[in-house]
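Observations on chain architecture
Residues per chain, in single letters:
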Amino acid sequence: MSKVTEDSAEQLCLEWLEDLGYTRLHGPDISPGGANQERGSYFDVVLRDRLDHALGTINPDIMPPILEEAGRRVFYLSSASLVAANREFHTLLLDGVPIEITRPDGSTAYELVKLIDFECPENNDWAAVSQFTIKEGEHQRRPDILVFINGLPLVLIELKNPTDEKASLHHAYQQVQTYKNEIPRLFIYNELLVTSDMYNARMGSLTAPEERFMRWRNMEDQG
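Read on for an overview of the structure. (Residues numbered from 1 in each chain as written. Predicted model: local features only at pLDDT ≥ 70, side-chain atom pairs only at ≥ 80, totals over all residues. Heavy atoms only, no water.)

It is worth spelling out helix H3 (residues 48-58) at this point. Every buried residue belonging to H3 is among Arg48, Arg50, Leu51, Ala54, Leu55 and Ile58, and all of these are buried. For H3, the arc enclosing every buried residue in end-on projection is 160°, short of the 170-degree limit, so these residues lie on one face. Residues of H3 that are exposed and point more than 90 degrees away from the buried face comprise Asp49 and His53. Taken together, the buried residues of H3 touch strand E1 (23-26), helix H4 (64-75), strand E3 (108-113), strand E4 (126-130) and strand E8 (152-159). (Buried < 20%, exposed > 50% of the residue type's maximum accessible area, 1.4 Å probe, protein only. Helix = DSSP H or I, 4+ residues; strand = E, 2+ residues; numbered from the N terminus. Arc of directions from axis to C-beta. Contact = heavy atoms within 4.5 Å.)

Below, the structure written as structure tokens:
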């Protein structure tokens, strides 16, 4: 049996996601200057083309200008604090993006643009991206795996080498906290954080404290 490393753990995790139907992408390939560039800059954490295409697919009865406005609102989402922005996005994800329109008679109404098709999962765009470099301010970070649905980075997976005693789940949790402090824009869109050493795994939310995060059962207990 070959030695297990953090890289081999990452590749195995990507294979699992690919088996589930996710498109497997390599971060450098879709970043600025890459062979299949999908980002305008390393600051961009939303894959805008995938988002715009998905909005058209899952909202076929809504006019393109309204879909474009919904995409812009999500792409440029910001708030007074990271937690507030994350909560706002969570509401938009579940309920849709309300876009104000003017009726022919001059009255105001709202079109609700869905970000995810919860009823027909096959209508969504599923991607798992490894080594996705993000730059914010003077910081540059590269999470192990990001899971995108319709171009939105909803899940972060941080892996550690199971044979390295110093690379514990605690260290993985601390790594995620560093990401939150240094590349906070990524976490506006985060719905789930996962850490694993391929024997045990923990998952939690943006605001979960370590003691609660670390109480989640390991992968074998989850069945």
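Right, let's get into the pattern of salt bridges. Side-chain pairs of opposite charge can arise where the charged atoms are in close proximity. Applying the stated rule across the entire model yields 7 salt bridges. For the salt bridge of Glu182 with Arg141, the shortest nitrogen-to-oxygen distance reads 2.7 Å. A residue pair is termed long-range when its members are at least 10 positions apart, and Glu182 in helix H6 (residues 169-182) and Arg141 in strand E6 (residues 139-141) qualify at 41 residues. According to the relative accessible area criterion, Glu182 is buried, its value standing at 18%. (Salt bridge = Lys/Arg side-chain N within 4 Å of Asp/Glu carboxyl O.)

Turning next to the pairing of E4. Within E4, 4 of the 5 residues are buried, which leaves it mostly tucked inside the rest of the structure. Inspection of the sheet shows E1 paired to E4 by 4 bridges, in the parallel sense. Opposite Leu25, over in E4, you have Val129 as the bridge partner. (Pairing = 2+ DSSP bridges.)

With that settled, consider the sheet that holds E1. One open sheet holds the 6 strands; their spatial order is E1-E4-E7-E8-E9-E10, and the pairing between them is mixed. Looking at which strands have only one partner, the edges of the open sheet turn out to be E1 and strand E10 (201-204). Direction aside, neighbouring strands of the sheet carry axes that sit 20° apart on average. In terms of strand pairing, strand E9 (residues 192-196) meets E10 through 4 bridges, oriented antiparallel. Paired with Thr195 across the two strands is Arg202, which belongs to E10. (Axes fitted to C-alpha atoms, helices over the stretch in contact; angles between N-to-C directions.)

The α-helix advances 3.6 residues per turn, and as a result positions three or four apart in sequence lie on the same side. Under the 1.5 Å per step criterion, the end-to-end length of helix H1 (residues 6-19) is 20 Å for 14 residues, consistent within 8% with the ideal 20 Å. Those residues of H1 hidden inside the fold are in contact with E1, E4, strand E7 (145-149) and E8. Phi turns positive one or two residues past the end of H1, at Gly21, with a value near 110°. (Expected span 1.5 Å × (residues − 1).)

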